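Structure assessment
For reference, the chains in residue letters:
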Amino acid sequence: TLSSSSAASDVYKRQVERQAMQEVVGQMATQDGRHELALEVARTSRQRRHGLMERPSLPANTGMLFTYDEQQPAQSSFWMFKTRFPIDIAFLDQQGSVLSMATMPPCTRQREDCPRYPAGVPFWMALELNAGAFDAMGVEVGDRLEVDL
């Protein structure tokens, strides 16, 4: 049918877009040491909009780094629509320093009922990892993600 063909096409487009994402290795430098992370880089508006939606999980020590060409205002926010697992998010400056952090539970409600999580500070990048990852690494405001983009 046309609708299943369209749905299959949408799935294919998302897979192609995800495959086009740059993958990099970064290190989170904390007082507890350096923690290696495998990161997908969401550079385009489409990649950032889709983020980690519809994935069943995220392997340990992996995440998604959202990058922007200009500083984002403090009221910019992320949400968890169609995201199936809890996520830690850190908002970073241009040098990768952590400016603020939050934990976001999955949203299984309708789109309009999903809460938004504002950064609270102007930022250039956002890092998403599994919930609890920042605590496990001892990440605090001021720590730094080191990554070559």
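Whatever comes next refers back to the structure up there.
With the rule as written, the count across this model stands at 1 disulfide. The side chain of Cys107 participates in a disulfide bridge whose partner is Cys114; the two sulfur atoms lie 2.1 Å from each other. Looking along the S-S bond of the Cys107-Cys114 disulfide, the torsion reads about -90 degrees, which is the left-handed sense. For Cys114, a relative accessible area of 7% translates into the label buried.

Structurally, Met125 can be placed in strand E8 (residues 123–130). Residues Met125 and Ser97 lie 28 residues apart in sequence; the distance between their C-alpha atoms is 9.5 Å. Ignoring any residue separated from it by four or fewer positions in sequence, one finds Met125 in contact with Leu65, Phe66, Thr67, Tyr68, Ala90, Phe91, Leu92, Asp93, Gln94, Gly96 and Leu149.

Reading across from one edge, E6-E5-E8-E3-E2-E1-E9 is the order of the 7 strands in this open sheet, with mixed pairing throughout. If you trace the sheet from one side to the other, it starts and ends with strand E6 (98–104) and strand E9 (144–146), each paired once. Direction aside, neighbouring strands of the sheet carry axes that sit 30 degrees apart on average. With 6 bridges connecting them, strand E5 (residues 87–92) and E8 associate as antiparallel partners. Its bridge partner being in E8, Ile89 is matched across the sheet by Glu128.

A few words on the packing of aromatic side chains. Applying the stated criterion across every chain, the model contains 5 aromatic pairs. Each ring, one from Tyr68 and one from Phe123, has its centre 5.7 Å from the other, and the planes form 85 degrees; the classification is edge-to-face. Of the two residues, Tyr68 is situated in strand E3 (residues 62–72) and Phe123 in strand E8; the sequence distance between them amounts to 55 residues. For Tyr68, a relative accessible area of 17% corresponds to the buried category. By relative accessible area, Phe123 is classed as buried at 1%. Ring centres of Phe78 and Phe91 lie 5.7 Å apart, and the angle between their planes is 70 degrees; this geometry places the pair in the edge-to-face category. With Phe78 in strand E4 (residues 77–79) and Phe91 in strand E5, this pair connects stretches of sequence that are 13 residues apart. Neither residue differs from the other here; Phe78 and Phe91 are each classed as buried. Members of the aromatic cluster, each reached through a chain of ring pairs, are Phe66, Tyr68, Phe78, Phe91 and Phe123. Above the plane of the ring of Trp79 lies Arg116, whose end atom (NZ or CZ) is 4.4 Å from the centre.

Scoring rules and cut-offs
- Counting restarts for each chain: residues are numbered from 1 in the order of the written sequence.
- Given that the model is predicted, a residue must reach a pLDDT of at least 70 before its local features are reported, and side-chain atom pairs must reach 80 or more before they are shown or counted; all residues, however, enter totals for whole chains, interfaces and linings.
- For the side-chain quantities, the full set of heavy atoms in the structure was used; hydrogens and water were omitted.
- Cysteine sulfur atoms are paired as a disulfide whenever they come within 2.5 Å of each other.
- Remark: exposure states derive from per-residue accessible area (1.4 Å probe, protein chains only) relative to the maximum for the residue type, with buried under 20%, exposed over 50%, and partly exposed in between.
- By the criteria applied, helices consist of DSSP H or I runs no shorter than four residues and strands consist of E runs no shorter than two, each listed in order from the N terminus.
- Note on definitions: a residue-residue contact is assigned when non-hydrogen atoms from the two residues lie within 4.5 Å.
- DSSP-based pairing: two strands are paired if at least 2 bridges between them are found.
- Between the N-to-C directions of two axes lies an angle of 0 to 180 degrees, each axis being a line fitted to C-alpha atoms and, for a helix, fitted only over the stretch in contact.
- The aromatic pairing rule takes the rings of Phe, Tyr and Trp, using the six-membered ring of Trp, and pairs them if the centres are within 6.5 Å, calling planes under 30 degrees apart stacked, those over 60 edge-to-face and the rest tilted.
- To sit over a ring, a charge needs its Lys NZ or Arg CZ within 6 Å of the ring centre and within 35 degrees of the ring normal.

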